[in-house]
Amino acid sequence: MRIFKCVLFVLIIFSIFGCQGKGGPGEVEVLHWWTSGGEAASLAVLKQLLEAEGHTWKDFAVAGGGGDQAMTVLKSRAVAGNPPAAAQVKGPQIQLWGDEGVLTNLDDVAKAENWDAILPKVVADIMKYKGNYVAVPVNVHRINWMWCNPAVFEKAGATIPTTWEEFETACQKIQAAGLIPVAWGGQPWQEATVFETIVAGVSGTDFYKKTMVQADPAALESDTMVKVLNTLKMIKQYTDPGAPGRDWNLATAMVIKGEAGMQFMGDWAKGEFTAAGKTPDVDYVAAPAPGTAKQFLFNIDSFIMFKVAKKNEAAQKAMARLILQPKFQEVFNINKGSIPVRMGMSEEPFDAPARLAMKDFSESSRSGDLVPSMAHEMAVMPAIRGAIMDAVTNFYNSDMTAEAAAKQLATAVKAAM
Ligand code: GAL
């Protein structure tokens, strides 16, 4: 009897602690910067799915579009030896975190869920450190979009532009009608977002690759770059005095409300239109930015996972697994404005802008016009991105000539290499 009680005791202890290590409920602290209406609605889907499996979601939101503030906070938490279980980190930065030896190996989830087969190889490679999965991708965003309010264009007798010349004509008409042509968010990452779109739209894919991916100093100070910078400055006269410091989603709201004609922004802006109950091609029009119809500047969101206490491992891996499951890929991306990163998903539930993005994603990957976003940390290491962003913002917010700015751009990038 005593022996039996002893065995029972051991079994109970094993079931409690053994279960926690393998599959019991746990907590995942998630660092992210998705705080706008559309972003928050999208992330809530993941929280619900995780909670439905019995786990706890500890939200660690750091406001600030583009994530620069979130990355600063993440570094200080990691330095203090207390990183969250999961953090929104993208592109080449994943390798830097891998070098620190602090990430969870996700190969068991990846193998069970067949990630090598359901992800495009280029994406899978970004998520791996030394051949092991340490990150999980969520979506594919396209940067080079222009979000237009057709009622504003109609009121002004303007047409949606496909070239930079047509863009100026449209802006003049909208201004003459007493409305704001361009809703502008005056923050460095937003200015960099428009800047790289112009690089693609004014000078083409090869020049984009030379400057935004290879960071070639000669190309950065070339006459072509001067032309790009002058185009960026041209837009300024069509923005309003409230632009400095404005958050991107407030700029989107100006287009939604019909105060402004258009905004240049990645397709997370569509998440705001969706959250406001707006319908594409009725209440708003999504068009590629002038000159960029065949290009696709891509931005892939992903979460890296840090090593966690045994009791939270199952919860962390459940989050990794859920992110790539078809249902989440569908609902999340519909809300977020992006397209699924998981291959083979049906287009059927997606709207017209998402379908256009899906078509352009595959066409651009065939034609060589699928390029990583510099502004959104897919193309170059953080130091080079920082140098480019500083130079662009200094130029946009001063009286500096485009010639001087191009030189400064090349010098700053050389120093950051
Ligand atoms: C991007 C991110 C998007 C979106 C945007 C604005 O860097 O990839 O998902 O959230 O910032 O915050």
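## Section: helix α17 (residues 352-367)
(1) Moving on: In a regular helix each residue adds 1.5 Å, so 16 residues correspond to 22 Å; α17 covers 22 Å between its end C-alpha atoms and thus fits that length.
(2) Moving on: Every buried residue belonging to α17 is among Pro353, Ala354, Ala357, Met358, Asp360 and Ser364, and all of these are buried.
(3) Moving on: In this structure Asp351 caps α17, since a side-chain oxygen of it lies 3.1 Å from the backbone nitrogen of Ala354.
(4) Moving on: Following α17 by one or two positions, Gly368 adopts a phi angle in the positive range, close to 90 degrees.

## Remarks on the nonpolar core
(1) Moving on: If you look at the biggest cluster of nonpolar residues, it comprises 137 residues, and the most contacted ones within it are Trp115, Phe195, Met225, Ile235, Phe303, Met319 and Met374.
(2) Moving on: No other element matches helix α10 (residues 188-213), which puts ten residues into this core.
(3) Moving on: The residues touching Met374, leaving out its near neighbours within four places in the chain, are Ala192, Phe195, Glu196, Tyr208, Met212, Ala379, Val380, Arg385 and Ile388.

## Let's talk about the domain arrangement of the protein
(1) Moving on: Looking at the assigned domains, one finds that the protein contains domain 1 (26-140 + 300-366) and domain 2 (145-298 + 373-416).
(2) Moving on: The gap between the C-alpha centroids of domain 1 and domain 2 is 26 Å.
(3) Moving on: Each side of the interface is counted separately: domain 1 has 30 residues, and domain 2 has 28 residues.
(4) Moving on: The junction of domain 1 with domain 2 conceals about 2,400 Å² of combined surface from both sides, 61% of it contributed by carbon and sulfur atoms.
(5) Moving on: At the boundary of domain 1 with domain 2, the tally comes to two salt bridges.
(6) Moving on: In this structure, the salt-bridge partner of Arg385 is Asp68, at a minimum N-O distance of 2.9 Å.
(7) Moving on: Taken together, the elements giving at least two residues each to the side of domain 1 that touches domain 2 come down to α2 (37-52), α4 (93-99), α16 (326-336) and α17.
(8) Moving on: Of the residues contributing to the side of domain 1 that touches domain 2, the split by class is 13 nonpolar, eleven polar and six charged.

## Quick notes on the site of the ligand
(1) Moving on: Surveying the vicinity of the ligand reveals 14 residues, the closest of which are Glu39, Lys90, Asn299, Asp301 and Lys336.
(2) Moving on: Within the contact set of the ligand, an oxygen atom lies 3.2 Å away from a backbone nitrogen or oxygen of Gly66.
(3) Moving on: Within the complex, the protein chains bury 100% of what would otherwise be the 300 Å² of accessible surface of the ligand.
(4) Moving on: Along the lines of polarity and charge, the residues of the shell around the ligand split into five nonpolar, five polar and four charged.
(5) Moving on: Inspection of the shell around the ligand shows a minimum of three residues originating in each of domain 1 (26-140 + 300-366) and domain 2 (145-298 + 373-416).

## A word on the packing of helix α18 (residues 382-396) against helix α19 (residues 402-416)
(1) Moving on: In the contact formed by α18 and α19, the axes pass within 9 Å of each other and the chain directions differ by 160 degrees. Considering their axes alone, α18 and α19 lie roughly antiparallel with respect to each other. Here the hand of the crossing between α18 and α19 comes out right-handed. Where α18 approaches α19, its residues Ala383, Ile384, Ala387, Ile388, Ala391, Asn394 and Phe395 are matched on the opposing element by Ala402, Ala405, Gln408, Leu409, Ala412, Val413 and Ala416.
(2) Moving on: When the residues that make up the contact of α18 with α19 are grouped by side-chain class, the tally is twelve nonpolar, two polar and no charged.

## What about the pattern of salt bridges?
(1) Moving on: The full count for this structure, using the stated rule, is 17 salt bridges.
(2) Moving on: For the salt bridge of Arg142 with Asp360, the shortest nitrogen-to-oxygen distance reads 2.9 Å. Within this pair, whereas Arg142 is found in strand β7 (residues 139-142), its partner Asp360 is found in helix α17, the two being separated by 218 residues in sequence. With respect to burial, Arg142 and Asp360 carry one shared label: buried.
(3) Moving on: With its nearest N and O atoms 3.5 Å apart, the salt bridge here joins Asp360 to Lys359.
(4) Moving on: The exposure class of Asp360 is buried, given its relative accessible area of 6%.
(5) Moving on: A relative accessible area of 41% places Lys359 in the partly exposed class.
(6) Moving on: One continuous salt-bridge network, built from bridges that share partners, spans Arg142, Lys359, Asp360 and Glu363.

Conventions adopted
- Residues numbered from 1 in each chain as written.
- Predicted model: local features only at pLDDT ≥ 70, side-chain atom pairs only at ≥ 80, totals over all residues.
- Heavy atoms only, no water.
- Helix = DSSP H or I, 4+ residues; strand = E, 2+ residues; numbered from the N terminus.
- Expected span 1.5 Å × (residues − 1).
- Buried < 20%, exposed > 50% of the residue type's maximum accessible area, 1.4 Å probe, protein only.
- Polar contact = N/O pair within 3.5 Å; in protein donor to acceptor, adjacent residues only side chain to side chain.
- Core = buried A, V, L, I, M, F, W, Y, C linked by side-chain atoms within 4.5 Å.
- Contact = heavy atoms within 4.5 Å.
- Domains from an automatic or database assignment.
- Buried area = accessible area lost by both parts, 1.4 Å probe.
- Salt bridge = Lys/Arg side-chain N within 4 Å of Asp/Glu carboxyl O.
- Nonpolar A, V, L, I, M, F, W, Y, C, P; charged D, E, K, R; others polar.
- Near = heavy atom within 4 Å.
- Areas by Shrake-Rupley, 256 points an atom, 1.4 Å probe, with all protein chains shown as cover.
- Axes fitted to C-alpha atoms, helices over the stretch in contact; angles between N-to-C directions.
- Parallel < 35°, antiparallel > 145°, perpendicular 65-115°, else oblique.
- Left-handed = near helix turned anticlockwise from the far one by under 90°.

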